[in-house]
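Spelled out, the chains give:
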Amino acid sequence: MTERTAPTGRTPADRTPGNPAPDGPPGRSRPPGDGAPHPLDRTRGRTWPRSFADRLTAPLPGVRAMARLAREGAVRPTAEGLRDIPHLPFAPEPMPAVDTGGVAVTWAGHASWIIRVGGLTVLTDPVWSRRILGTPARVTPVGVRWEDVPPVDAVVISHNHYDHLDAPTIRRLPRDTPVLVPAGLGRWFRRRRFTRVTELDWWEHTELGGVRFDFVPSHHWSKRTLTDTCRSLWGGWVVRDAHGHRVYFAGDTGYGHWFREIGRRHPGIDLALLPIGAYAPRWWLRDVHTDPEEAVQAFLDLGARVMAPMHWATFVLSSEPVMEPLTRLHAAWERTGLPRDRLWDLPVGASRILRAHPTP
């Protein structure tokens, strides 16, 4: 499917009773693939569907699944599984210098990255809080002190779960910081007086300072309160600079067909930031969180050059032993036969600079 120009400046008043919304039938989201470019600050008037549940890859857990989880009680690691917390990789270091033609990434922990690309500093799913709702406190500190973060030029959000959209961290940002968010999530930021908010549907993009941001699908869901299940969209981001460097930030996702499609639409991804943790018990989490082996397969599906794992070693969200994601990742990577230097298994707080493609 090809991209088309989406309507801008539309408001609910543009609809008349009995007529469909400009972008599709009432009560349903527009079909995936209807992409469009969007200038910043021009999406306030778009009309989004009440629910994005039609985008779910798999049904959300029902009463029986919830009862089984309560009965089994396997929501946190055993004492043995927690024993390796002191060995989780944590090695903060000063961020390296990078010029406007380079790309550098720094892992602050969980799904929070500082990406310096095209002269911009971009934060992904910034969570600098010690604790998030419903989980124990961080098991590793934040890899970069907030006062050491360069001035932020843009923030990208994958979805509204508390471990990816952290209100105390967001409050630290200047209110004129450009924030790029999934469809339906803009209101959350505007209520907090952010003035440069762009909401995108899957396969849409916007540009800022010569850097292009494409919002792409993921296998996940959204919920922040008791009444807003799937009221906003979820996804990942492909960030591309003027030199053609591409960084893919997967956000939070299970494994599925979208990875191959993302790779087809965005060939030549240089670096894929992929989640490897929070996957057990598998029967409960397989639809929404990749395990390490699936993350490696997703990397292969994408056709990316380098993989950097994330979404582990920060918060205890599930029942696998805390060091198991990295151990299984190394084993899965070795089975592929890929060069070891194409796996950037960074400790929290570490950085890497993305080099140019080697000359043929």
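Cut-off values and rules
Residues numbered from 1 in each chain as written. Predicted model: local features only at pLDDT ≥ 70, side-chain atom pairs only at ≥ 80, totals over all residues. Heavy atoms only, no water. Axes fitted to C-alpha atoms, helices over the stretch in contact; angles between N-to-C directions. Helix = DSSP H or I, 4+ residues; strand = E, 2+ residues; numbered from the N terminus. Parallel < 35°, antiparallel > 145°, perpendicular 65-115°, else oblique. Left-handed = near helix turned anticlockwise from the far one by under 90°. Contact = heavy atoms within 4.5 Å. Nonpolar A, V, L, I, M, F, W, Y, C, P; charged D, E, K, R; others polar. Phe/Tyr/Trp six-rings, centres within 6.5 Å; stacked < 30°, edge-to-face > 60°. Buried < 20%, exposed > 50% of the residue type's maximum accessible area, 1.4 Å probe, protein only. pLDDT = per-residue confidence, 0-100. Salt bridge = Lys/Arg side-chain N within 4 Å of Asp/Glu carboxyl O. Polar contact = N/O pair within 3.5 Å; in protein donor to acceptor, adjacent residues only side chain to side chain. Patch = residues over 30% accessible without salt bridge, like charges linked within 9 Å, V, L, I, M, F, W, Y side chains within 5 Å. Areas by Shrake-Rupley, 256 points an atom, 1.4 Å probe, with all protein chains shown as cover. Lys, Arg positive; Asp, Glu negative; His and termini not counted. Charge placed at Lys NZ, Arg CZ, Asp CG, Glu CD. Pairing = 2+ DSSP bridges.

### Section: the packing of helix 7 (residues 292–302) against helix 8 (residues 324–336)
As a packed pair, helix 7 and helix 8 sit with axes 8 Å apart at the nearest point and diverge in direction by 45°. In terms of their interaxial angle, helix 7 and helix 8 are classed as oblique. Seen along the crossing, helix 7 lies across helix 8 with a hand that is right-handed. Of helix 8, the residues touching helix 7 (which contributes Pro292, Glu293, Val296, Phe299 and Leu300) are Pro325, Arg328, Leu329, Ala332, Trp333, Arg335 and Thr336. Here the residues of the contact of helix 7 with helix 8 sort into eight nonpolar, one polar and three charged.

### Section: the packing of aromatic side chains
Taken as a whole, this structure holds 11 aromatic pairs when the rule is applied. Ring geometry for Trp202 against Trp258: centres 5.4 Å apart, planes inclined by 70°, an arrangement best described as edge-to-face. With a gap of 56 residues between them, Trp202 in the loop between strand 6 (197–200) and strand 7 (205–208) and Trp258 in helix 5 (residues 258–265) connect regions that are remote in the sequence. Geometrically, the ring pair formed by Tyr255 and Phe259 is stacked, given 5.9 Å between the ring centres and 15° between the ring planes. For Tyr255, a relative accessible area of 32% gives the class partly exposed.

### Quick word on the confidence of the model for the protein
On average, residues of the protein carry a pLDDT of 89, and 87% of them reach 70 or more. When mean pLDDT is taken per element in the protein, strand 11 (residues 271–275) scores highest with 99 and helix 1 (residues 63–72) scores lowest with 94.

### As for the pattern of salt bridges
For the structure shown, the criterion picks out 18 salt bridges. With a closest N to O distance of 2.8 Å, Glu72 and Arg68 form a salt bridge. Taken together, the positions of Glu72 and Arg68, both in helix 1 and four residues apart, correspond to about one turn of that helix. Of the residues examined, Glu72 reaches a relative accessible area of 40% and is grouped as partly exposed. Across the pair Asp301 and Arg260 runs a salt bridge whose closest N-O atoms are separated by 3.0 Å. On the criterion of sequence distance, the pair formed by Asp301 in helix 7 and Arg260 in helix 5 is long-range, its members being 41 residues apart. Within this structure, Arg282, Asp291, Glu293, Glu294, Glu324 and Arg328 form a network of salt bridges that share partners.

### A few points about the environment of Leu120
Note on placement: Leu120 falls in strand 3 (residues 120–124). Residue contacts for Leu120: discarding those within four places in its chain leaves Ile115, Asp153, Leu208, Val211 and Phe213.

### Let's talk about helix 7
All of the buried residues along helix 7 are Pro292, Ala295, Val296, Ala298, Phe299, Asp301 and Leu302. Where helix 7 is buried, its residues contact strand 10 (246–249), helix 5, strand 11, strand 12 (306–310) and helix 8. By the N-cap criterion, in which a side-chain oxygen at the helix start approaches the backbone nitrogen of a residue two or three places on, helix 7 is capped by Asp291, the distance to Glu293 being 3.2 Å. In the segment just after helix 7, Gly303 is the residue with positive phi, at about 70°.

### Quick word on a positive patch on the surface
Together, Arg171, Arg187, Arg191 and Arg192 make up a positively charged patch on the protein surface. You can see Arg187 is positioned in helix 4 (residues 186–190). The class of Arg187 is exposed, set by a relative accessible area of 57%.

### Concerning the sheet that holds strand 10
What the six strands build is an open sheet, ordered 7-8-9-10-11-12; its pairing is mixed. Pairing within the sheet leaves two strands with one partner each, and these edge strands are strand 7 and strand 12. Across the sheet, the axes of successive neighbouring strands diverge by a mean angle of 20°, strand direction being ignored. Note: strand 8 (residues 211–216) against strand 9 (residues 236–240), five bridges, orientation antiparallel. Paired with Asp214 across the two strands is Val238, which belongs to strand 9.

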